[in-house]
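This is what each chain is made of:
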Amino acid sequence: MMVPRPYMLLSLAFLIGLPTALSAAEPGSVRASEWVIEKPDGVPEGVMAYRIDERGNSIPDFSRAGYRGGGVRLPEVPIVVTLTPMPGGDDGARIQAAIDEAAKRPADSEGRRGAVWLRRGTYRIEESLMIRTGGVVLRGEGSGLDGTVIVATGKKQRTLIDVGAARATRTEVKGSRHQVMDPYVGWSSDRLRLDSVAGFSVGDRVIVHRPSTAAWISALGMDRIKPRPGSKPGETQQWKAGDYDLHFERTITAIDGTRLTLDAPVM
């Protein structure tokens, strides 16, 4: 888990891009994609290459979302607490208590504290589960319906399993905001040209802010949403500027002139 620390803010005035031509396979045929190349020459098995068009767009590569950036085997963390499902009621409090118990254990040399093992069965969660300490693993038994199943009960919309530092710990560095100057930022781009890189260093954590402007909302048609059949008057809410801003948390890996390279693309 990353220790909370201040971040810098980059303002992305307009971000939209997508490859305009995809190749569809005919029924019963095997056809290579024009945009994704499986196992290019000279690379290990299982590695793919992504074609980039003339505007810098490419198919999103989410392989970095894996453990330690992907391609690394998950560690075998010792089980310190084992739970079995109850026949009814809310399981949230006792699962949270088990997580908190594991979090109090000292970390080993690899930063691992222990795993909470949920034996197969159904667990009902009325609120949210919070994992705020690094080195704690929440592990199930099996991945199908006959394995460990966690069900969010109640009607409140929320994050069911919240992992990482609370959002309130983010602190913007004063005077660190810079404008992204690229007139067009390609889909899956990991490089941004700024008005200035003053104050930035390799390794800094930044937030790329993509404001939800009125022009963007209009281009999506989300200011002209048609009411669903049977909906009540005023129930359909049109999008408004500022209500759907996007924030991408990234780390600077290189600085070349006024251009930053980030550790993962923005979508």
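How each quantity is defined
Residues numbered from 1 in each chain as written. Predicted model: local features only at pLDDT ≥ 70, side-chain atom pairs only at ≥ 80, totals over all residues. Heavy atoms only, no water. Pairing = 2+ DSSP bridges. Helix = DSSP H or I, 4+ residues; strand = E, 2+ residues; numbered from the N terminus. Axes fitted to C-alpha atoms, helices over the stretch in contact; angles between N-to-C directions. Contact = heavy atoms within 4.5 Å. Buried < 20%, exposed > 50% of the residue type's maximum accessible area, 1.4 Å probe, protein only. Polar contact = N/O pair within 3.5 Å; in protein donor to acceptor, adjacent residues only side chain to side chain. Salt bridge = Lys/Arg side-chain N within 4 Å of Asp/Glu carboxyl O.

**Q** Give a detailed account of the sheet that holds strand 5 (residues 114–118), specifying residues and quantitative values.
**A** Taken together, the 3 strands give an open sheet; going across it, the order is 4-5-8, and neighbouring strands pair in parallel fashion. Edge strands, defined here as strands with exactly one partner in the open sheet, are strand 4 (79–83) and strand 8 (136–139). Looking at each pair of strands side by side, their axes are set apart by 15° on average, direction ignored. Pairing between strand 5 and strand 8: 4 bridges, direction parallel. Bridging across to strand 8, G114 finds its partner in V136. Its contacts with the sheet place helix 1 (residues 92–103) against strand 4, strand 5 and strand 8, and it is angled at close to 170° to strand 4.

**Q** Can you break down the side chain of D182 residue by residue, with the values?
**A** Its place among the elements puts D182 in the loop between strand 11 (178–179) and strand 12 (189–193). Its relative accessible area of 14% is what places D182 among the buried residues. From its side chain, D182 meets the backbone nitrogen of R193 in a polar contact 2.7 Å long. Ignoring sequence-local partners within four residues, the contact set of D182 consists of R191, L192, R193 and R259.

**Q** Which residues make up the pattern of salt bridges, and what values go with them?
**A** Within this structure, the stated rule accounts for 11 salt bridges. With a closest N to O distance of 3.7 Å, D182 and R193 form a salt bridge. Placement of D182 in the loop between strand 11 and strand 12 and of R193 in strand 12 is noted, with a sequence separation of 11 residues between them. You can call R193 partly exposed: its relative accessible area is 30%. Taken together, the salt bridges that share partners define one network made up of D91, R94 and R124.

**Q** Mind laying out the pairing of strand 15 (residues 259–266), listing which residues take part and the relevant values?
**A** With 6 of its 8 residues buried, strand 15 lies for the most part within the structure. The pairing of strand 12 with strand 15 spans 4 bridges and is classified as antiparallel. From the neighbouring strand, L192 faces strand 15, where its bridge partner is L260. Relative to strand 15, strand 14 (residues 246–256) runs antiparallel, the two being bridged by 4 bridges. Residue pairing across strands places A254 opposite T261, the latter belonging to strand 15. A loop of 2 residues connects strand 14 with strand 15, the two strands running antiparallel in sequence, and G257 in this loop sits at a positive phi of about 65°.

It is worth stressing that arrangement in space is one thing and function is another; only the former is reported here.
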